[in-house]
Amino acid sequence: MERLAWRQVLLPVLAVVLGLVSGGLLIFVSGDNPLTAYGGMLEGAFGDTDAVGRTLEKATPLVMGGLAVAFAFKAGLFNIGGQGQLLLGASFSAWVGFRFGLPAPIHIPLALLVGGIVASGLGALAGLLKATRGTHEVISTIMLNFVAANLTDWLVSRDGPWNDPDGGALARSPLIQDSAVLPKVGGLPTGFLVAVAAAVVIWWLVSRSTLGFEVLTVGANPKAATYAGISVTRITVLAMGISAFLAGLGGAIQTLGVNERFEPGFNTGLGFDGITIALLARTNALAVIPAAVLIGAMDAGSTLMQARTDVAPEIISVIQAFVLFFVAAPSVVRWIVRLRTGDDDRAIDLGAGWGAA
Amino acid sequence: MTTTSPAPTSPASAPGSARSLLGRVRVDYRILAGLAVIAVAMIIAYQWDSQQTTAVAARTIREAAPLILAALCGLIGERSGIINIGIEGQMLLAAFVGFMVASSSGNLILGVMGGMAAASVAGLFLAWTAVALKMDQIIAGTIINIFGLGVTSFLYVQGRTMPSVPNWPIPGLDELPLIGSMLFSHGPLTYAALVAVVVVHVALFQTRWGLRTRAVGEHPSAADTVGVRVYFVRYRNLAIAGMLAGLAGFALLQSASVFNRGMTNGKGFIALAVMIFGRYRPFGVLSAAVLFGFFNALQAQLQFRQAFDIPPQFFGMIPFVFTIAVLAIAGLRTRPPAAIGQPYEKE
């Protein structure tokens, strides 16, 4: 058992190391010193309490985005609508945050919940379209990303209902009230704890609950699930709804804990990051946390890296791509490090869900 | 999984089924009805305001062109049994390499070739991961997307320029009212998109290459049994499809004239929608892309003119809401090639 656990960690770790080496080669080729660059990145991510706080701050929406993608995968669904769901969650939690005056123990959970629930509606819609009309969720969630982006842009635009009256021409919402702000404890964001709790809940849901079993069954074989009396429609809608709830909650946490207002166009690319993290974690809810912290650390450290070496922060996307490649190609990793072949690196298969309309 | 709706066995005189020339052109009549409504609306609108209508018509095709090329890239891949969600990344790589080559050499032809080569290499990478590594193809496509966005943003430097892509109005035809601006006064890559539809259709349904491709996509072990080299077909087709994605990427440069970070802005994904909406058929892709292009052009024009007192963001939603609505109302349950996404294991 212990050996197996070790080997399961070994491959992702090797993948990350090889990804960093590949990125380092690119940095070297473009004329900088990779060691200085990575040194700066490491210091920027973990150098002091502030840095760690920044890393966890960056990691928080990534945990949620990763969970959203990972959970949908369990039901054989590919949710690439994380970006739109995050925007909805962020904007509606900001609305609850600035519009209502409530005591903090009610205000914070209410704002988080409203953000998550509104976002879950967007996901459930995609699930419903898939289950009843055969509209592929990859298409509908992408389209809904653009719809959500436009909608939230309008909400806080100058003609929109949630525009900041003190913002002049700026498209943004007013600041949320103090009672809605997710506090920092000792420089560390409490939002991260909410994300960790969400990961534990999802882990429990998937591996220990009846709903989780139904979700896994539908994901493995919808026909068998129907035969066993599980409503594929119900599970598809529910799974997409929960997945979108997670992404929306990520947006809400970001709003209440970091931005303290809604501004359009923040955190673009979360959809992609969520996919990387879910795959790096091999769709395991608990493994999403370290995967998100890793990507969050690169993100947080990239500013100092750029200040030290002139290496553009975009390098972290390239590193991410390499990491993802090595995670998904264990045979290449084994070939590079001359590792014995093991039977534990089961391939991840998502393509099966592609055509099942 | 549901089957396709009963294939309309249309008589040769039915619209869109030029049997003699192109063989079987199966048409989805729901898409065709949509196009017909748009055509009639255009003609009526033309009587009312010829200038605006012409602008929308020309823009429709211009907007559709990169989507057509990108969707055909996806189509060839899927017809060969490989899901390609990395088109977005392929287009970005092609636009970047194409721009850099055109900018440093001053030669557009070299630029196009560079872009095609870049996207083609990405296609070969996808084929390699799918065939040799048996990697999950959704992941492989995601890798291409993330790598494409990351590496082009990382290497991008501001301030470079490239020669602008010329417009090629076709003498005589471009003077026609409405149709002239719509079809005959575009840049070379827009024409390339329209030609590619016909070429891919004929190749897919009339040639040995097409038969083998479809066999590999539907039933690779049967194809293998009769001597089709499944792996080779997949490598070759992904390389060819990549070139189309390369043209799609360069088509973005045709209108923008400069490379921008993340300039694909989701077009690679919209192309996937176009491909599925077009039911994995080249003419279906054309129709779906034109529909999408029309609503994009319409919203741009309405927004530009401020024709109604409606916030611009709502116009911006039109193409996306429309795509979802059409898919939902028409309930187009598509049947993708059977062997899609599955690695083939030689026995």
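Owing to the predicted nature of the structure, the values given are computational and were not obtained by experimental measurement.

1. So, the overall build of chain A
Tallying secondary structure elements over chain A gives 14 helices and 2 strands in all. Against the 2.2 N^0.38 benchmark of 21 Å for 357 residues, chain A shows a C-alpha radius of gyration of 21 Å, consistent with a compact globule. In terms of overall dimensions, chain A has C-alpha extents of about 60 × 60 × 35 Å along its principal axes. In chain A, which comprises 357 residues, the share counted as buried stands at 59%. Here the analysis covers contacts within chain A between residues at least 6 apart in sequence; of these, 75% occur between residues at least 24 apart. Working note: accessible area of chain A is about 14,500 Å², and carbon and sulfur atoms make up 64% of it.

2. Some points on the overall build of chain B
For chain B, the count of helices and strands is 14 helices and 2 strands. Among the 347 residues that make up chain B, the fraction classed as buried is 57%. Expressed as a percentage of contacts within chain B between residues at least 6 apart in sequence, the contacts between residues at least 24 apart total 74%.

3. Observations concerning the packing of aromatic side chains
Across all of its chains, the model carries 16 aromatic pairs over all chains by this definition. Geometrically, the ring pair formed by Trp95 of chain A and Phe100 of chain A is edge-to-face, given 5.4 Å between the ring centres and 75° between the ring planes. Where Phe292 of chain B meets Phe320 of chain B, the ring centres are 6.0 Å apart and the plane angle is 65°; that geometry is what we call edge-to-face. Placement of Phe292 of chain B in helix α13 (residues 282-305) and of Phe320 of chain B in helix α14 (residues 312-330) is noted, with a sequence separation of 28 residues between them. This pair shows no difference in class: Phe292 of chain B is buried, exactly as Phe320 of chain B is. An aromatic cluster of at least three residues, connected via ring pairs, comprises Phe92, Trp95, Phe100 and Trp162 of chain A. Above the face of the Phe100 of chain A ring, Arg99 of chain A is positioned so that its terminal group lies 5.5 Å from the ring centre.

4. Overview of the nonpolar core
Ranked by internal contacts, the top residues of the largest apolar core, which has 211 residues, are Leu67, Phe71, Ile202, Leu246 and Ile315 of chain A together with Leu244 and Phe259 of chain B. No other element matches the 14 residues that helix α3 (residues 50-79) of chain B contributes to this core. Residues contacting Ile315 of chain A, with those up to four places away along its chain left out, are Gly23, Leu26, Ile27 and Met305 of chain A together with Phe154 of chain B. By size, the runner-up hydrophobic cluster in this structure holds 6 residues, among which are Val216, Val228, Val230 and Tyr344 of chain B.

5. Some words on the side chain of Gln299 of chain B
Looking at where Gln299 of chain B falls in the secondary structure, it is placed in helix α13. When neighbours within four sequence positions are excluded, Gln299 of chain B is seen to be in contact with Phe315, Gly316, Ile318 and Pro319 of chain B.

6. Remarks on the interface of chain B and chain A
Every contact between the two is made by 52 residues of chain B and, on the other side, 51 residues of chain A. Roughly 4,300 Å² of surface becomes buried between chain B and chain A when both sides are summed, with 79% attributable to carbon and sulfur atoms. In this structure, the connection of chain B to chain A is made through 1 salt bridge. Ionic pairing is found between Glu314 of chain A and Arg261 of chain B, a salt bridge with its closest N-O pair at 3.6 Å. Counting the contacts that link chain B with chain A gives 1 residue pair in polar contact (both at pLDDT 80 or more). Secondary-structure elements contributing two or more residues to the side of chain B that touches chain A are α5 (108-131), α6 (137-155), α12 (267-277) and α14 of chain B.

7. What to know about unusual backbone geometry
Residues and elements named next belong to chain B. Backbone geometry places Ser257, a non-glycine residue, at a positive phi of 65°. Inspection of the secondary structure assignment puts Ser257 in the loop between α11 (230-256) and α12. Ser257 sits in the partly exposed class, given a relative accessible area of 26%. At Tyr280, a position not held by glycine, the phi torsion is positive, near 60°. Following the sequence through the fold, Tyr280 ends up in the loop between α12 and α13. With a relative accessible area of 3%, Tyr280 lands in the buried category.

8. A few points about the environment of Ala239 of chain A
Residues and elements named next belong to chain A. Along the polypeptide, Ala239 turns up in helix α10 (residues 232-259). Ala239 gets classed as buried once you look at its relative accessible area, which sits at 1%. For the pair Ala239 and Lys74, spaced 165 residues apart in sequence, the C-alpha separation works out to 8.6 Å. When residues no more than four places from it in sequence are discounted, the contact partners of Ala239 are Phe71, Ala75 and Leu77.

9. What about the confidence of the model for chain B?
Residues and elements named next belong to chain B. Per-residue pLDDT for chain B has a mean of 84; in total, 89% of the residues score no lower than 70. Averaged pLDDT values for the elements of chain B fall to 48 in helix α1 (residues 19-22) and rise to 96 in α5. Every residue in residues 1-21 is under pLDDT 50, and counting partners more than four places away or in other chains gives 29 contacts.

10. A few points about the pattern of salt bridges
Where side chains of opposite charge bring their charged atoms close, a pairing between them can arise. Residue and element names in this part refer to chain A. By the definition in use, this model includes 8 salt bridges over all chains. The salt bridge involving Glu43 is made with Arg308; its shortest N-O contact spans 3.0 Å. Remark: Arg308 occurs in helix α12 (residues 288-309) and Glu43 occurs in helix α2 (residues 34-46); sequence separation between them is 265 residues. Here the salt bridges share partners, and the residues they tie into one network are Asp164, Arg172 and Arg261.

11. Let's talk about the packing of α3 of chain B against α11 of chain B
Axis angle and axis distance: for two packed helices, these are the angle between their axes and the distance between the axes, and together they describe the pair. Residue and element names in this part refer to chain B. Contact pair α3 / α11: the axes reach a minimum separation of 8 Å and the direction vectors enclose 165°. It follows from the interaxial angle that α3 and α11 lie roughly antiparallel. Here α3 and α11 pass one another in a crossing that is left-handed. Mapping the contact onto sequence places Pro66, Leu69, Ala70, Leu72, Cys73, Ile76 and Gly77 in α3 and Asn237, Leu238, Ala241, Gly242, Leu244, Ala245, Leu247, Ala248, Ala251 and Leu252 in α11. A class-by-class count of the residues in the contact of α3 with α11 yields 14 nonpolar, 3 polar and no charged.

12. Digging into the packing of α3 of chain B against α12 of chain B
Residues and elements named next belong to chain B. Look at α3 against α12: their axes get within 8 Å of each other, and the N-to-C directions meet at 65°. Viewed along their axes, α3 and α12 form a crossing whose handedness is right-handed. Contacts between α3 and α12 involve Leu67, Ala70, Ala71, Gly74, Leu75 and Glu78 from the former and Lys267, Ile270, Ala271, Val274 and Met275 from the latter. Taken together, the residues that form the contact of α3 with α12 break down as 8 nonpolar, 1 polar and 2 charged.

13. Considerations on α2 of chain A
All names here are of chain A. Look at α2: 18 Å from first C-alpha to last across 13 residues, which is about the 18 Å you get at 1.5 Å a residue. Along α2, the residues that are buried comprise Pro34, Ala37, Tyr38, Gly40, Met41, Gly44 and Ala45. The buried residues of α2 occupy one face: seen down the axis, they fall within an arc of 155°. Exposed and oriented more than 90 degrees from the buried face of α2 are Leu35 and Leu42. Capping the start of α2 is the job of one residue whose side-chain oxygen sits 2.9 Å from the backbone nitrogen of Leu35: Asn33.

Calculation rules
- Within every chain, residues take consecutive numbers counted from 1 along the sequence as written.
- By the order in which they are written, chains take letters starting at A while ligands take numbers starting at 1.
- pLDDT decides what is reported in this predicted model: residues at 70 or higher carry local features, side-chain atom pairs at 80 or more are listed and counted, and totals for whole chains, interfaces and linings draw on all residues regardless.
- Derived side-chain values reflect all non-hydrogen atoms in the structure, with water molecules and hydrogen atoms excluded from consideration.
- Helix and strand assignments follow DSSP, with helices taken as H or I runs no shorter than four residues and strands as E runs no shorter than two, numbered in order from the N terminus.
- Each radius of gyration reported is based on C-alpha atoms, and the globular scaling rule is 2.2 Å times the count of residues to the power 0.38.
- Here's how the labels work: a residue is buried when its accessible area is under 20% of the maximum for its type, exposed when over 50%, partly exposed in between, all with a 1.4 Å probe on protein chains only.
- Whether two residues are in contact is decided by their heavy atoms, any of which lying within 4.5 Å being enough.
- All accessibility values rest on the Shrake-Rupley procedure with a 1.4 Å probe; residue burial counts only the protein chains present in the view.
- Each Phe, Tyr or Trp ring, with Trp reduced to its six-membered ring, pairs with another whose centre is within 6.5 Å; inter-plane angles below 30 degrees give stacked pairs, above 60 give edge-to-face pairs, and intermediate values give tilted ones.
- Put simply, a charge is over a ring when the Lys NZ or the Arg CZ is close to the ring centre, within 6 Å, and near the line of the ring normal, within 35 degrees.
- Each nonpolar core is a collection of buried residues, namely Ala, Val, Leu, Ile, Met, Phe, Trp, Tyr and Cys, held together in the definition by side-chain atoms within 4.5 Å.
- For any pair of parts, buried area is found by adding up, for both, the accessible area (1.4 Å probe) each one loses once the two are put together.
- Each salt bridge in this description consists of a side-chain nitrogen of Lys or Arg and a carboxyl oxygen of Asp or Glu lying within 4 Å of one another.
- Here a polar contact means two N or O atoms within 3.5 Å. Within protein one must be a hydrogen donor candidate and the other an acceptor candidate, and residues neighboring in sequence count only if both atoms are side-chain atoms.
- A residue's pLDDT is the confidence the predictor assigns to it, expressed on a 0 to 100 scale.
- Lines fitted to C-alpha atoms define the axes here, with helix axes fitted over just the stretch in contact, and angles between the N-to-C directions of these axes take values from 0 to 180 degrees.
- In what follows, roughly perpendicular refers to angles from 65 to 115 degrees, roughly parallel to angles under 35, roughly antiparallel to angles over 145, and oblique to any angle outside these ranges.
- The hand of a helix crossing depends on one turn: near helix anticlockwise from the far one by less than a right angle means left-handed, and clockwise means right-handed.
- Ten residue types, Ala, Val, Leu, Ile, Met, Phe, Trp, Tyr, Cys and Pro, are classed as nonpolar, four, Asp, Glu, Lys and Arg, as charged, and the remainder, Gly among them, as polar.
- Expected span, for any helix, means 1.5 Å times one less than how many residues it has.
- In this description, one arc is meant: the one made by directions from the helix axis to the C-beta atoms.

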